[in-house]
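Examining the three-dimensional arrangement
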Amino acid sequence: MSSLEHIGKVIKNLRPTDTGRALSDEPEVEYTCRICRDAHFVHPLKEDGKPDYSSVVPCQCVREQMERERTQSLLRYCELPAGTAYMTFEEFKTSPQLQEAYDLAVQLADEVGEIRWLTLTAGADRGKTHLAVAICRRWLQRGKPARYAFVPLLLEELRTGFQEEGDRSYEARFDRFLNVPLLVLDDLGAEYRTPWVQEKLDTIIDYRLMNGLPLVVTTNTPMDELPFRIASRLRRSPGSRVVFIDAPEFRKRKRSKGL
Ligand SMILES: [Zn+2]
């Protein structure tokens, strides 16, 4: 049983004397939370249904606050671009040409089915970034860390780490790209290709492949113009799918609908 289920059980099974009502020999006290009497924790129930006084779990009154703070810190860590709050699955206007990409994006975000790597290829402004950001947002909602990276800036970010230490050092930054549970590489192929850049991207992609870690890639570059090693991994890794989005540009679609 998870600790949250425990709490649910604790709360359901509380007796009236446990709900914050002052006992007759205690002074009248107004508690903000009548469940934990503002202690912010409760005792979980043991298998036999009795409270386990040897341990504590957060009370319902602090759980919501903790969840909000966790979501905020996951969002900061993800580093989604500014102005992308509307990029969710709910706001995505799908169409027959986009349906396959949309369905696979949702499956990957929810970790349903086989899909682990998703590459979206198309010209500019076809909705790829919207889907990639929506995957991040859904993943974060599920309480798991994700990292979004705009590839040309990712490599700049790594370079700035050479002058920094600790959590902002090159090693720490690179380690996050390797190990974060979900990595989104937006606009792969737009980076300035040098041997150093190529080696970093190869290492990130190889490492995530070897460790079975989810990856989402968007690119405006046709697959056969990407570096061979990367294109072949994106195509052939277990659970990988490459989808070519053959849809009109977002702006044109909006115009044709009179928006
Ligand atoms: Zn409480």
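Not measured: the values here are computed from a predicted model. (Residues numbered from 1 in each chain as written. Predicted model: local features only at pLDDT ≥ 70, side-chain atom pairs only at ≥ 80, totals over all residues. Heavy atoms only, no water.)

1. Overview of the overall build of the chain
Each helix and strand in the chain was counted, giving nine helices and seven strands. Contacts in the chain between residues at least 24 apart in sequence constitute 70% of all its contacts with a sequence separation of at least 6. Element-wise, carbon and sulfur atoms account for 52% of the exposed surface of the chain, whose accessible area totals about 14700 Å². (Helix = DSSP H or I, 4+ residues; strand = E, 2+ residues; numbered from the N terminus. Contact = heavy atoms within 4.5 Å. Areas by Shrake-Rupley, 256 points an atom, 1.4 Å probe, with all protein chains shown as cover.)

2. Details of the coordination of the zinc ion
Octahedral six-donor coordination of a metal ideally yields angles of 90 or 180 degrees, compared with 109.5 degrees for tetrahedral four-donor coordination. Around the zinc ion, the donor atoms from the protein are Cys 33 (SG), Cys 36 (SG), Cys 59 (SG) and Cys 61 (SG), and they sit 2.2 to 2.4 Å away. Coordination at the zinc ion comes from four donor atoms whose angles at the metal span 106 to 112 degrees, giving a geometry best classed as tetrahedral. Mapping the donors of the zinc ion onto the primary sequence gives the spacing C-x2-C-x22-C-x1-C. Residue Cys 33 is located in the loop between helix 1 (3-12) and strand 1 (41-42), and its partner Cys 61 is located in helix 2 (residues 60-78); the two are separated by 28 residues in the primary sequence. (Donors = N, O, S within 2.8 Å, 3.2 Å for Na, K, Ca; no water. Tetrahedral: all angles 85-135°; square planar, octahedral: opposite > 155°, others 65-115°.)

3. Section: the sheet that holds strand 7 (residues 240-244)
Pairing within the open sheet is parallel, and its five strands lie in the order 4-5-6-3-7. Edge positions in the sheet fall to strand 4 (147-150) and strand 7, since each of these pairs with one other strand and no more. Between one strand and the next, the sheet's axes are offset by a mean angle of 10 degrees, whatever the strand orientation. Taken together, the three bridges between strand 5 (residues 183-186) and strand 6 (residues 215-219) define a ladder with parallel strand orientation. When the sheet's bridge partners are listed, Leu 185 is paired in strand 6 with Val 217. Helix 3 (residues 99-110) rests against strand 3 (117-121), strand 6 and strand 7 of the sheet, and its axis sits at about 150 degrees to strand 3. (Pairing = 2+ DSSP bridges. Axes fitted to C-alpha atoms, helices over the stretch in contact; angles between N-to-C directions.)

4. Observations concerning the nonpolar core
Among the nonpolar cores identified, the biggest contains 34 residues, and Phe 89, Leu 108, Leu 118, Leu 131 and Ile 135 are the most heavily contacted of them. A total of eight residues in this core trace back to one element, the largest contributor, which is helix 4 (residues 128-141). Other than its neighbours up to four places away in sequence, Leu 108 contacts Ile 115, Arg 116, Trp 117, Leu 118, Ile 135, Trp 139, Leu 182, Leu 215 and Val 216. The next biggest cluster of nonpolar side chains, apart from the first, holds 25 residues, and it includes Leu 158, Phe 177, Leu 183 and Val 197. (Core = buried A, V, L, I, M, F, W, Y, C linked by side-chain atoms within 4.5 Å. Buried < 20%, exposed > 50% of the residue type's maximum accessible area, 1.4 Å probe, protein only.)

5. Section: the pattern of salt bridges
Using the criterion set out here, one finds 17 salt bridges in the structure. Across the pair Arg 173 and Glu 157 runs a salt bridge, and its minimum N-O distance is 3.5 Å. Here Arg 173 is found in helix 6 (residues 170-179), whereas its partner Glu 157 is found in helix 5 (residues 151-160), with 16 residues between them in sequence. Each member of the pair, Arg 173 as well as Glu 157, is classed as buried. (Salt bridge = Lys/Arg side-chain N within 4 Å of Asp/Glu carboxyl O.)

6. Describing the environment of Thr 71
Position of Thr 71 among the secondary structure elements: in helix 2. The class for Thr 71 is partly exposed, based on a relative accessible area of 36%. Separated by 73 residues in sequence, Thr 71 and Lys 144 have C-alpha atoms that sit 9.2 Å apart. A polar contact of 2.9 Å, which involves the side chain of Thr 71, links it to the backbone oxygen of Glu 67. (Polar contact = N/O pair within 3.5 Å; in protein donor to acceptor, adjacent residues only side chain to side chain.)

7. Things to note about the packing of helix 3 against helix 4
Remark: helix 3 packs on helix 4, axes separated minimally by 8 Å, with the N-to-C direction vectors making an angle of 25 degrees. In this view, helix 3 runs roughly parallel relative to helix 4, as classed from their interaxial angle. By crossing handedness, the relation of helix 3 to helix 4 is classed as right-handed. Contacts from Ala 101, Tyr 102, Ala 105, Val 106, Leu 108, Ala 109 and Asp 110 in helix 3 reach Leu 131, Ile 135, Arg 138 and Trp 139 in helix 4. When the residues that make up the contact of helix 3 with helix 4 are grouped by side-chain class, the tally is nine nonpolar, no polar and two charged. (Parallel < 35°, antiparallel > 145°, perpendicular 65-115°, else oblique. Left-handed = near helix turned anticlockwise from the far one by under 90°. Nonpolar A, V, L, I, M, F, W, Y, C, P; charged D, E, K, R; others polar.)

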